[in-house]
Amino acid sequence: MTVNSEPEALLSHLQNADGSATFSFSGYTVVGAVNGPIEVQRRDELPEEAAVDVIVRPAAGVGGTRERHLESLIQSTLRQIILVDNFPRTLIQIILQVTTTPENEYVNAKVAQATSNLPILPALLQTAVLSLLSAALPLTATLTSTSLAVVADGQSKKVVLNPSPREIETSQSFHVFSFTSHDELILAESEGSFTVKEWDEAFSVAQRQCCPPTNTDDGDTLMDDGSLPGANLKQFIRSTLEGKIASDLHWK
Amino acid sequence: MATSNSLTLSSATFAKLSPHPFLLANLQPSDPSTPSSRTNGRQPRQARPYSVNNSSLSHAHGSAVVRSGDTTVICGVRGETLLTSQIPNYRAPQADNIAIGDELRDYDLLVPNVELATGCAPNFLPGVPPTTLAQTLSTRLFSLLHSSKFLTAEDLRIYHDGAGTQGEGDTEEEGFGETTREVKAYWVLYIDVLFVSFDGNPFDVAWAAIIAALRDTKLPHAYWDVDRELVLCKRPTEKEPRPLSMRGLPVACTAAVFTARERQKKGSGQYWILVDPDRLEESLCNETVTMVVDNTEGETKVLTISKSGGTVVGPALMREFANVAATRWNEFRSALQ
């Protein structure tokens, strides 16, 4: 099985949604669509801010309790970065459809509830942010999200970035971290068995990954990405949007 | 007098009209002589004490009622047998190959369910499909049951000795390497969690109830009857039901972060970490942190960290919170005994 190690994205490719994006990274592909601000149902209406509604659809089957869990995590995270105060009594709806998930070649996984909920979370968050940017909704910050596993390597332990399903299964602990573009930790989900010290190590690896030193304000100076072990997602979001804007303004 | 009376609000009215300023005024009293406390009278880091009552249900294999403040949860564990011949794609477990998969997960041997629509709080209407909160809770409990590896598949296997007399040597290790012994059936544990009353912090109390109920669970001695091709259980008088073996004692601890600014904040505002939030506090806080810890081996072992909804808690606060969770672990362990 080939897993693309470079993130790929396609922006504003759905005609009828306000904003849309397809994002694929480390075996996951997610299509996201954003509509908003739109009219809200009376019972969901909030008098002073916009209601944020997230719908996650799995690659196979219908959504179950696992999708509700992911939705509630994504909803509470996105509510923090969308300027909900600007759109009182409206709804911002985010639909995330998973299209590809990496296969675990060691087990014949069942469709429902067989594996952990967390590995898909970074891809979902990343797609949601790209769709929101494509919908031109005002945000306080963008997000970068990464997953890592702590794997026993003989006596010592090593941290694997963007682990494969097999690595997650054999790992001792699995972590998902999300940082805002102001380098603040906004979401942390970990499971397995670990010490606070190990969590700290995982945290600092994730922080290096998600919050690279930002001397990139003037566009294309940061070319020495070789020091980073994985893809620079912050830079990726920026360059994807720059490319999109450049092609949109090509007629000028 | 009449005017001052009509302008003065009782604290209950104040709490209903504007809950956020009410909690803020309690935490940050204008009069410095008044001690800062939460609306429920607790200190920010003070949790409600647990009380545990075991074996409350007569027809379950194990049950427990756990109460923490006004949140009361009853959990019942009931075992049912599942024949391996009825499992699709069944693969017999091999002693040497652990990596092949997790039987508990593959065959769904643990079935937790959370019921919130019992009239436990005004915002959960009875007779409606499970709310998002109920579904989220049952997923989190399900994945914690598996990721903590609290139970072992060995306890839930029902063996049959091919050559020897049935029903012998099933708790002993002997015969494991021999080929004559085979797994004929499994126990499936239905773990039902019912909220009797709900006053915030559902996850901690539900998990505590599950732990207490599983510790109370005693499964009858089951054996494979060759002639009838059935799993039969011995009477408790004939052979004592055996308890499950458990790995450690994971305890959950949740805190909510209350910020002084009600609307979206810019820059840093003042905040309070409210351990074990009640229903009012939960409705006012966006950010929550949950940590599941196990101190049985001396050193604090973390099993789950879940933090979402805000940017206040960073690594430094998380380390501090691990100590709070460790004290909560001690409280729960003493409540169990």
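Residues numbered from 1 in each chain as written. Chains lettered and ligands numbered in written order. Predicted model: local features only at pLDDT ≥ 70, side-chain atom pairs only at ≥ 80, totals over all residues. Heavy atoms only, no water.

A. The arrangement of the overall build of chain B in detail. Counting its regular elements, chain B contains nine helices and 14 strands. Carbon and sulfur atoms make up 51% of the accessible area of chain B, which amounts to about 16,300 Å² in all. (Helix = DSSP H or I, 4+ residues; strand = E, 2+ residues; numbered from the N terminus. Areas by Shrake-Rupley, 256 points an atom, 1.4 Å probe, with all protein chains shown as cover.)

B. Just the packing of helix 2 (residues 121-134) of chain A against helix 5 (residues 233-248) of chain A, in detail. All names here are of chain A. In the contact formed by helix 2 and helix 5, the axes pass within 11 Å of each other and the chain directions differ by 30°. In terms of their interaxial angle, helix 2 and helix 5 are classed as roughly parallel. When you trace helix 2 past helix 5, the crossing you get is right-handed. Along its contact with helix 2, which presents Gln 126, Val 129, Leu 130 and Leu 133, the element helix 5 presents Leu 233, Ile 237 and Leu 241. Looking at the contact of helix 2 with helix 5 residue by residue, the classes come out as six nonpolar, one polar and no charged. (Axes fitted to C-alpha atoms, helices over the stretch in contact; angles between N-to-C directions. Parallel < 35°, antiparallel > 145°, perpendicular 65-115°, else oblique. Left-handed = near helix turned anticlockwise from the far one by under 90°. Contact = heavy atoms within 4.5 Å. Nonpolar A, V, L, I, M, F, W, Y, C, P; charged D, E, K, R; others polar.)

C. Examining the interface of chain A and chain B more closely. Taken together, the contacts link 45 residues of chain A with 36 residues of chain B. Taken together, the two surfaces of chain A and chain B that pack against each other cover about 3,300 Å², and 48% of this comes from carbon and sulfur. Linking chain A with chain B are one salt bridge. Note that Asp 200 of chain A and Arg 319 of chain B form a salt bridge whose closest N and O atoms lie 2.7 Å from each other. Linking chain A with chain B are 10 residue pairs in polar contact (both at pLDDT 80 or more), by the criterion used here. Mapped onto the side of chain A that touches chain B, the elements with two or more residues apiece are helix 1 (65-81), helix 3 (165-170), strand 9 (185-194) and helix 4 (196-210) of chain A. Among the residues forming the side of chain A that touches chain B, the class breakdown is 14 nonpolar, 18 polar and 13 charged. (Buried area = accessible area lost by both parts, 1.4 Å probe. Salt bridge = Lys/Arg side-chain N within 4 Å of Asp/Glu carboxyl O. Polar contact = N/O pair within 3.5 Å; in protein donor to acceptor, adjacent residues only side chain to side chain.)

D. Quick look at the environment of Asp 278 of chain B. Residue and element names in this part refer to chain B. Looking at where Asp 278 falls in the secondary structure, it is placed in the loop between strand 12 (271-275) and helix 8 (279-284). Overall, the relative accessible area of 9% leaves Asp 278 in the buried class. Between the C-alpha atom of Asp 278 and that of Gly 69, which follows or precedes it by 209 residues, the distance is 8.7 Å. If we skip the residues at most four places from it in the chain, Asp 278 touches Asn 40, Arg 42, Arg 48, Asp 199 and Gly 200. (Buried < 20%, exposed > 50% of the residue type's maximum accessible area, 1.4 Å probe, protein only.)

E. A look at the nonpolar core. Residues Phe 177 of chain A together with Leu 189, Phe 195 and Leu 214 of chain B are the most contacted members of the largest nonpolar core, which totals 96 residues. A per-element tally of this core places helix 7 (residues 202-216) of chain B first, with 11 residues. Contacts of Leu 214 of chain B, omitting those with residues within four sequence positions, involve Val 77, Leu 145, Phe 150, Leu 151, Leu 189, Ile 191, Leu 244 and Met 246 of chain B. Of all hydrophobic cores here, the second largest spans 49 residues; its members include Val 30, Leu 139, Ile 186 and Ile 237 of chain A. (Core = buried A, V, L, I, M, F, W, Y, C linked by side-chain atoms within 4.5 Å.)

F. Summary view of the environment of Asp 70 of chain B. All names here are of chain B. Tracing the backbone through its elements, the reader meets Asp 70 in the loop between strand 2 (62-68) and strand 3 (71-83). A sequence separation of 126 residues divides Asp 70 from Val 196, and the C-alpha atoms of the two residues are 9.4 Å apart. Sequence-distant contacts of Asp 70, that is, excluding residues within four places in its chain, are made with Arg 48, Ser 197, Phe 198 and Asp 199.

G. Seen up close, the confidence of the model for chain A. Per-residue pLDDT for chain A has a mean of 86; in total, 86% of the residues score no lower than 70. Every residue in residues 218-227 of chain A is under pLDDT 50, and counting partners more than four places away or in other chains gives seven contacts. (pLDDT = per-residue confidence, 0-100.)

H. Geometry of the sheet that holds strand 8 (residues 173-180) of chain A. Pairing is antiparallel in the open sheet, where eight strands are placed in the order 7(A)-6(A)-8(A)-9(A)-14(B)-13(B)-11(B)-12(B). Two strands in the sheet have a free side with no partner beyond their single neighbour: strand 7 (156-161) of chain A together with strand 12 of chain B. The sheet shows a mean angle of 20° between the axes of neighbouring strands, taken without regard to direction. Where helix 1 of chain A meets the sheet, it contacts strand 6 (143-153), strand 8 and strand 9 of chain A together with strand 14 (301-308) of chain B, and its direction lies at approximately 150° from that of strand 9 of chain A. (Pairing = 2+ DSSP bridges.)

I. Quick peek at the packing of helix 1 of chain A against helix 2 of chain A. Residue and element names in this part refer to chain A. Between helix 1 and helix 2, the least distance of the axes is 11 Å, while the angle of their chain directions is 40°. With respect to helix 2, the element helix 1 is oriented oblique. With respect to the hand of their crossing, helix 1 and helix 2 are arranged in right-handed fashion. Facing Leu 70, Leu 73, Ile 74, Thr 77, Leu 78 and Ile 81 of helix 1, the residues of helix 2 in contact are Leu 121, Leu 124, Leu 125, Ala 128, Val 129 and Leu 132.

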